[in-house]
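Reading the structure
Here is what each chain is made of, one letter per residue.
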Amino acid sequence: MHPCFKFRPFQLLNSITIFQKRSFRKSERIDLRPLEVLEDRQLLSGVAPLSMTTAATGYFEESAESFADSQFSNLSVVEDFNGDSHLDVFLVGASADSEAETSTLRNELWLNDGDGTFTSFSEQTSSAKIENVVAANFDNDTDIDLLVTSRDGNTRWLTLWRNDGSGNFSEEVILETIYYGLQVPNAVGDVDGDLDQDIIIATNQSLTPQVYENDGTGHFSLKGSLVYQSNLLDNSWLTDIELGDVDGDNDLDAVISYGVLGPNYTESVIVCINDGTGSFEQLASGYYPSNPRAIEMGDLNGDGYLDLFLLGQDEGDYDHSRILFNDGQGGFEPGSQWLRSGNDLEFADVDHDGDLDLLVAIDVDDLTPDVWKHSLYLNDGEGTFYASAHLPGKSPEGDVRLKSIKSADFDGDGALDLLLGQIGRNDSVWFNTNKAMLPYRNNFEPTLPPYQGLILNSESTTSIQQYGENHVLQLNNSGLTGLSSVIVETAAELPEDFVFSSLVKSISGSNRWLDGFLIFDYQSETDFKYAGMFTGQNQWVIGHYQGNFSNRLAQVDWDDTGRSINTNRYYLLKLVVTGNDVQLLVDGEEVVGASFAGPVNNGAVGVAAYNAVTHFDNLQLTIEEPESYPIHEGFEYGLPTTLDYTKPTRTSVRRRWAKVT
């Protein structure tokens, strides 16, 4: 066995400005404070708990904020560079000209005002082209510095940009060397557990990495060379190294990926285990035919172990990315899904459901099949990803051309926003919203923010109540205090045909009415349509509320048939809308229907109660689509994300046919 080395940072250390659940990339923050080391080293996946009270759905809208002349910037770094607790943006190599000379490229720091608005603070040109940047607190003060790798011809420099605390940098040369090979990622991390950030960089054509040890003040000395074993060294190049505790012993292990020339991929991924002192031993290598350009780590299936995502090269095929699931001891098994290749990737819990979702920087053209025109994949919590219909980064012209993607809370609302590096357009910020995408479901359980996708029109009378293990939405207008409503805020206008349903229960008591409604075509608190029950009157009603309930289009009185609407029991109310026509189903039975003069999809849907205490549960808003047969799937692009799999771990595609074991 040969020792291996450590590259990019993966630990989450003193992470005051990091809100997302994900692993960190080389251009992001690593800071370290001794009192937090033990806790932080148990969070080596880079996973930080999200606020479950923050409502966000993963539907992003482009902000008015963009970074001027950044069409051809090659890197961006997100960090709090001036100590105001807002995440700033450092753009590397900014230019509006793809053929710009290196001397004209600008390295710009944009300071965040706290609401996602950025102001240009400083600009620095460089005689050499910057290839890599790592943000970290190298001198153990209170600010974030930059480690910069730059290159001019065959000369490469490694420099430390020391921050004065306000975002002004002074440059110190650490290393100058001759290098003839391809661009190599450098790495920063505490390789020996002495609570400072060391440097590892390959400085010659053979890619032999060297470790430079930090004395704690940002001064470095050569510690030694660490050689990794690979029989592909002659026809391969290192593409990425990620660090994480893959074997559960609370230190940083290394996973190395290679790009390979030719058909031999037998060691495109290598796992190296740390003994706790910064010495690494190769544990395993495997055949992973994805020719990965990058690695990302995170617990994708919720078992507490760090899994790997190998981002494939986008070389005309679209399905070269794959997940490797960790067995808990640093061994990995490929998952069944082949996922989207791309230029960059990011893990982030964008919908706040407690698992890591996948964002891929894609470059879409006219030849890209529709099935691969997706940049956001949502995790089902068990490591299976489903393509979202939402497409962050979509330009007004309808294309998506992304070179990089990063997530961070730029506007301070607790939800993860996006910084998108766009090809041919300025880099821009996209804010995460609370707008619901269809199909929408909310059972009010604590696995999601309670009001995800919802607008509360009366916060004082709206709450989540727990009964046993079940959580429900309660509207409480006891004391005859009037109307309360909760609206589903959809990302787009509803189609003419849709279905909206909920469990509804009237709670008995004094000094109250007994009722509960599904509402639709909501325009205001005094103008909406409704379908529901007047429990106290034993009536099912469809009508138009205009400050009162007198405009009833259809009504069924169960007194006429000897039936009763009971309090303190749930009824499943299902509203089926087809153009102008509306039907109310109760526990699957068609009870009452009505026709309106025009379409009723212009406003929102929601639930309401009047002078009553009413419980709602299991809200669902879906589109009714007719079944169309036959269905054909050729499996040209791996397992299609448009299908549901009852046993996804036992389903795979082999040579474009599906195999279920």
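The paragraphs below set out a description of the structure included in this document. (Residues numbered from 1 in each chain as written. Predicted model: local features only at pLDDT ≥ 70, side-chain atom pairs only at ≥ 80, totals over all residues. Heavy atoms only, no water.)

Across its full length, the chain holds 1 helix and 45 strands. Within the chain, buried positions represent 58% of all 661 residues. Here the chain displays about 26100 Å² of accessible surface, and carbon together with sulfur accounts for 46% of that area. (Helix = DSSP H or I, 4+ residues; strand = E, 2+ residues; numbered from the N terminus. Buried < 20%, exposed > 50% of the residue type's maximum accessible area, 1.4 Å probe, protein only. Areas by Shrake-Rupley, 256 points an atom, 1.4 Å probe, with all protein chains shown as cover.)

Reading across the sheet, the 4 strands line up as E18-E19-E20-E21 and stay open at both edges, with antiparallel pairing between neighbours. Strands with a single pairing partner mark the edges of an open sheet, and in this sheet they are strand E18 (292–298) and strand E21 (332–339). The sheet shows a mean angle of 25° between the axes of neighbouring strands, taken without regard to direction. As defined by bridge partners, E18 adjoins strand E19 (residues 307–312) across 6 bridges and the pair is classed as antiparallel. Opposite Met 297, over in E19, you have Leu 308 as the bridge partner. (Pairing = 2+ DSSP bridges. Axes fitted to C-alpha atoms, helices over the stretch in contact; angles between N-to-C directions.)

Counting buried residues along strand E20 (residues 321–326), 6 of its 6 residues qualify, which places the element largely inside the surrounding structure. Neither face of E20 is exposed, since Ser 321, Ile 323 and Phe 325 on one face and Arg 322, Leu 324 and Asn 326 on the opposite face are all buried. Pairing between E19 and E20: 3 bridges, direction antiparallel. Note on E20: the bridge partner recorded for Leu 308 is Leu 324. In this structure, E20 lies alongside E21, joined through 5 bridges in antiparallel fashion. Residue pairing in the sheet places Arg 322 in a bridge with Trp 338 of E21. Here E20 folds back onto E21 in antiparallel fashion, the turn holding 5 residues, of which Gly 328 has a positive phi close to 95°.

A few words on the packing of aromatic side chains. In the structure shown here, the tally under the stated rule is 24 aromatic pairs. An angle of 75° between the planes, with centres 5.6 Å apart, marks the rings of Trp 540 and Tyr 571 as edge-to-face. Of the two residues, Trp 540 is situated in strand E37 (residues 539–545) and Tyr 571 in strand E39 (residues 571–578); the sequence distance between them amounts to 31 residues. By relative accessible area, which is 0% here, Trp 540 ends up buried. Its relative accessible area of 2% is what places Tyr 571 among the buried residues. Aromatic side chains Tyr 545 and Phe 549 sit 4.8 Å apart centroid to centroid with 55° between the ring planes, which places their arrangement in the tilted category. Residue Tyr 545 is classed as buried on the basis of its relative accessible area of 4%. (Phe/Tyr/Trp six-rings, centres within 6.5 Å; stacked < 30°, edge-to-face > 60°.)

Moving on: the nonpolar core. Buried together is how nonpolar side chains tend to be arranged in soluble globular proteins. Val 488, Phe 500, Trp 540, Ile 542 and Val 607 are the most contacted members of the largest nonpolar core, which has 41 residues in total. Take this core: its biggest share by element is 4 residues, from E39. Apart from residues no more than four positions distant in its own chain, Val 488 is found in contact with Ala 436, Tyr 440, Gly 453, Leu 454, Phe 500, Ala 604, Val 605, Gly 606, Leu 619 and Leu 621. Core analysis: the next-biggest nonpolar cluster, separate from the first, contains 32 residues, Ala 294, Tyr 318, Val 350 and Val 360 among them. (Core = buried A, V, L, I, M, F, W, Y, C linked by side-chain atoms within 4.5 Å. Contact = heavy atoms within 4.5 Å.)

Spatial relationships are all this shows, so hold off on functional conclusions.
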